[in-house]
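# Examination of the molecular architecture
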Amino acid sequence: MKIKKIVYILLACYLGTFFRLYIDNNFIISLLGSFFVGFIISTKLSHLTKKILFSGFFSCFTSFSGFIYFLYKIFHQGDLIKFFILFNLIIIINLFTMYFGYWISRKMT
Amino acid sequence: MDLSSICIILLSSTFGLILRIFIQNNFKKNIGFDIQNTSIVNFIASFFLGILVSLNFLNNQILLLFYIGFLGCFSTFSSFIYQLFLLFKKRKFLRLVLHYIEVIVLSFLFFYLGYFLIQYLK
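A separate point is the overall build of chain B. Scanning chain B from N- to C-terminus turns up five helices and two strands. Ordered by position from N to C terminus, the α and β elements of chain B give α-β-β-α-α-α-α. Taken over the C-alpha atoms alone, chain B extends approximately 50 × 35 × 25 Å along its principal axes. For chain B, the residues scored as buried account for 50% of the 122 residues in total.

On to the packing of aromatic side chains, then. Residue and element names in this part refer to chain B. In total, this model carries 44 aromatic pairs over all chains according to the counting rule given. With a centroid separation of 6.3 Å and an interplanar angle of 55 degrees, the aromatic rings of Phe47 and Phe48 are classed as tilted. A residue is classified by how much of its surface remains accessible, and Phe47, at 22% relative accessible area, is partly exposed. Among the residues examined, Phe48 registers a relative accessible area of 30% and is labelled partly exposed.

Attention shifts here to the interface of chain A and chain B. Accessible area lost when the parts come together is the quantity often used to give the size of an interface. Tallying the contact residues gives 39 residues for chain A and 42 residues for chain B. Contact between chain A and chain B buries roughly 3,700 Å² in total, counting both sides, with carbon and sulfur atoms accounting for 77%. Run the count over chain A and chain B and you get zero salt bridges. Connecting chain A to chain B are seven residue pairs in polar contact (both at pLDDT 80 or more). Counting residues per element, the ones that place at least two in the side of chain A that touches chain B are helix H1 (2-23), helix H2 (26-41), helix H3 (47-61), helix H4 (64-76) and helix H5 (80-108) of chain A. At eleven residues, H5(A) tops the list of elements feeding residues into the side of chain A that touches chain B. The class makeup of the residues in the side of chain A that touches chain B is 26 nonpolar, twelve polar and one charged.

Positive charge collects at one region of the surface, where A:Arg106, B:Lys89, B:Lys90 and B:Lys92 lie side by side. Mapped onto the secondary structure, B:Lys89 falls in helix H4 (residues 77-89). Classification of B:Lys89 as partly exposed rests on a relative accessible area of 36%.

All right, on to the packing of H1(A) against helix H1 (residues 3-26) of chain B then. Two elements in contact, H1(A) and H1(B), have axes separated by 10 Å at closest approach and are oriented at 125 degrees. One finds that H1(A) runs oblique with respect to H1(B). In the packing of H1(A) onto H1(B), the handedness of the crossing is right-handed. On the side of H1(A), the interface is formed by A:Ile9, A:Leu10, A:Cys13, A:Tyr14, A:Thr17, A:Phe18 and A:Leu21, while H1(B) contributes B:Ile6, B:Ile9, B:Leu10, B:Ser13, B:Thr14, B:Leu17 and B:Ile21. Looking at side-chain class alone, the contact of H1(A) with H1(B) contains eleven nonpolar, three polar and no charged residues.

What follows deals with H2(A). With 16 residues, H2(A) ought to run about 22 Å at 1.5 Å a step, and its terminal C-alpha atoms sit 22 Å apart, in line with that. The complete set of buried residues in H2(A) reads A:Ile29, A:Ser30, A:Gly33, A:Ser34, A:Phe35, A:Val37, A:Gly38, A:Ile40 and A:Ile41.

Negative phi values dominate among residues other than glycine, just as trans dominates among peptide bonds. Although it is not a glycine, A:Asp24 sits at a positive phi angle of roughly 60 degrees. Structurally, the position occupied by A:Asp24 is in the loop between H1 and H2. On the accessibility criterion, A:Asp24 (64% relative accessible area) is exposed. If you check the backbone angles, B:Arg91 has positive phi at about 60 degrees while not being a glycine.

Relative to the helices and strands, B:His99 resides in helix H5 (residues 93-121). If we ignore the near neighbours within four places in the chain, the residues touching B:His99 are B:Gln36, B:Ser39, B:Gln83, B:Leu84 and B:Leu87.

Residues and elements named next belong to chain A. Position of Ser105 among the secondary structure elements: in helix H5. Separated by 2.5 Å, the side chains of Ser105 and Ser42 make a polar contact. Among all residues touching Ser105, those that are not within four sequence positions of it are Gly38, Phe39 and Ser42.

Within the secondary structure, A:Phe84 sits in helix H5. Along the sequence, A:Phe84 and A:Leu71 sit 13 residues apart, while their C-alpha atoms lie 9.3 Å from each other.

Procedures and definitions
Residues numbered from 1 in each chain as written. Chains lettered and ligands numbered in written order. Predicted model: local features only at pLDDT ≥ 70, side-chain atom pairs only at ≥ 80, totals over all residues. Heavy atoms only, no water. Helix = DSSP H or I, 4+ residues; strand = E, 2+ residues; numbered from the N terminus. Buried < 20%, exposed > 50% of the residue type's maximum accessible area, 1.4 Å probe, protein only. Phe/Tyr/Trp six-rings, centres within 6.5 Å; stacked < 30°, edge-to-face > 60°. Contact = heavy atoms within 4.5 Å. Buried area = accessible area lost by both parts, 1.4 Å probe. Salt bridge = Lys/Arg side-chain N within 4 Å of Asp/Glu carboxyl O. Polar contact = N/O pair within 3.5 Å; in protein donor to acceptor, adjacent residues only side chain to side chain. Nonpolar A, V, L, I, M, F, W, Y, C, P; charged D, E, K, R; others polar. Patch = residues over 30% accessible without salt bridge, like charges linked within 9 Å, V, L, I, M, F, W, Y side chains within 5 Å. Areas by Shrake-Rupley, 256 points an atom, 1.4 Å probe, with all protein chains shown as cover. Lys, Arg positive; Asp, Glu negative; His and termini not counted. Charge placed at Lys NZ, Arg CZ, Asp CG, Glu CD. Axes fitted to C-alpha atoms, helices over the stretch in contact; angles between N-to-C directions. Parallel < 35°, antiparallel > 145°, perpendicular 65-115°, else oblique. Left-handed = near helix turned anticlockwise from the far one by under 90°. Expected span 1.5 Å × (residues − 1).

Now the structure itself:
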């Protein structure tokens, strides 16, 4: 049981990594990730499936280091106002996308 | 993309995943305001990212694969947004803003810690 769970999480992780490589745009990736996390939270999947999806697939699909690297590139150009607006905007948009996904999946069920 | 780079990505992503799950399960720290273990993962990831940026990873094939595989699987953006979402759902807006500022400021601090460490050692 334990081994089986780890193998499933690893497979989901590889799938997420290659999807991330294929799309190769950090903003779209984070939007898709937040939308589907919000969508899946309130559905009636089993605990094991949710754990595989969240800690395997979506955590590897979205990456915080890509986000920080993007912010670093903006910060390095020296444009502080653009930097400040962008990082607030990204987080607020992602938060509302997650809420939107949650709202849609509650409407459907 | 050839076979060996795919192998490096798979190996490093396995390593990153296992390390992240280990940290998320085993470390629970409360220092004043509580620092969740997902945030600890993100701080360590931004520290490594600072080291990589300082080593100029875009010109180095192996470091680039390490960035894609290890750091991409080790750090998680969706869990960070999920924590903010949980606070948002409970209507704790002050905690939300505090947590958000704390994560961004601390991860930038750790990023520059790694960055200047390598700059200093060079």
